[in-house]
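Below are the chains, spelled out letter by letter.
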Amino acid sequence: APPKEPPGCVAMPSPPQRLDVLRAHVLASMDPPLKRLFIANRGEIACRIHRAARALGVETVGAFTEEDGESLHRRVLDRALPLPKGATP
């Protein structure tokens, strides 16, 4: 079972058949298949990108500043890497 989304980053409902067709089309077009995606966004946009990547079975990675340490976009990533102290978003 996929991990649960944190509050505030809720998956949008989608007809399962349509999602399966889209997933098959996207995966068939990737050569070699995409395994990991670095998300260089913050906030809601990062959550949406993460949700789409998860639907395709792609791991998400992102970097965060000290100020973003407790932000939602940092918590939804599969792998979050801290930036050095003093870095700006």
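Here the residue index of a chain counts from 1 through its sequence in written order. Local features in this predicted model are restricted to residues whose pLDDT is 70 or higher, and side-chain atom pairs enter the listing and the counts only when it is 80 or higher, whereas totals over whole chains, interfaces and linings include all residues. Excluded from the side-chain calculation are hydrogens and water; included are all heavy atoms of the structure.

Q: I'm lost on the overall build of the protein in this one. Help?
A: A run of H or I in DSSP becomes a helix once it reaches four residues, and a run of E becomes a strand once it reaches two; helices and strands are each numbered from the N terminus. Helix and strand content of the protein: 3 helices and 3 strands. The helix and strand sequence of the protein, counted from the amino end, reads α-β-α-β-α-β. For the protein, with 89 residues in total, the buried portion stands at 24%. Across the protein, the fraction of contacts at a sequence separation of at least 24, relative to all contacts at a separation of at least 6, is 47%. Residue exposure ignores everything except the shown protein chains as possible cover, and the areas themselves are Shrake-Rupley values with a 1.4 Å probe. Carbon together with sulfur atoms contributes 60% to the accessible area of the protein, which is approximately 6,400 Å² in total. For the exposure calls, accessible area comes from a 1.4 Å probe over protein chains only, and a residue counts as buried if that area is under 20% of its type's maximum, exposed if over 50%, partly exposed in between. Note on definitions: a residue-residue contact is assigned when non-hydrogen atoms from the two residues lie within 4.5 Å.

Q: What is the right way to read the pattern of salt bridges from this model?
A: Two side chains that carry opposite charge are able to pair once their charged atoms sit near each other. In the sections that follow, a salt bridge refers to a side-chain nitrogen of Lys or Arg positioned within 4 Å of a carboxyl oxygen of Asp or Glu. Evaluation of the coordinates by the stated rule reveals 3 salt bridges. Across the pair R36 and E59 runs a salt bridge whose closest N-O atoms are separated by 2.8 Å. In this pair, R36 sits in strand β1 (residues 36–38) while E59 sits in strand β2 (residues 59–64), placing the two residues 23 residues apart along the sequence. The class for E59 is partly exposed, based on a relative accessible area of 24%.

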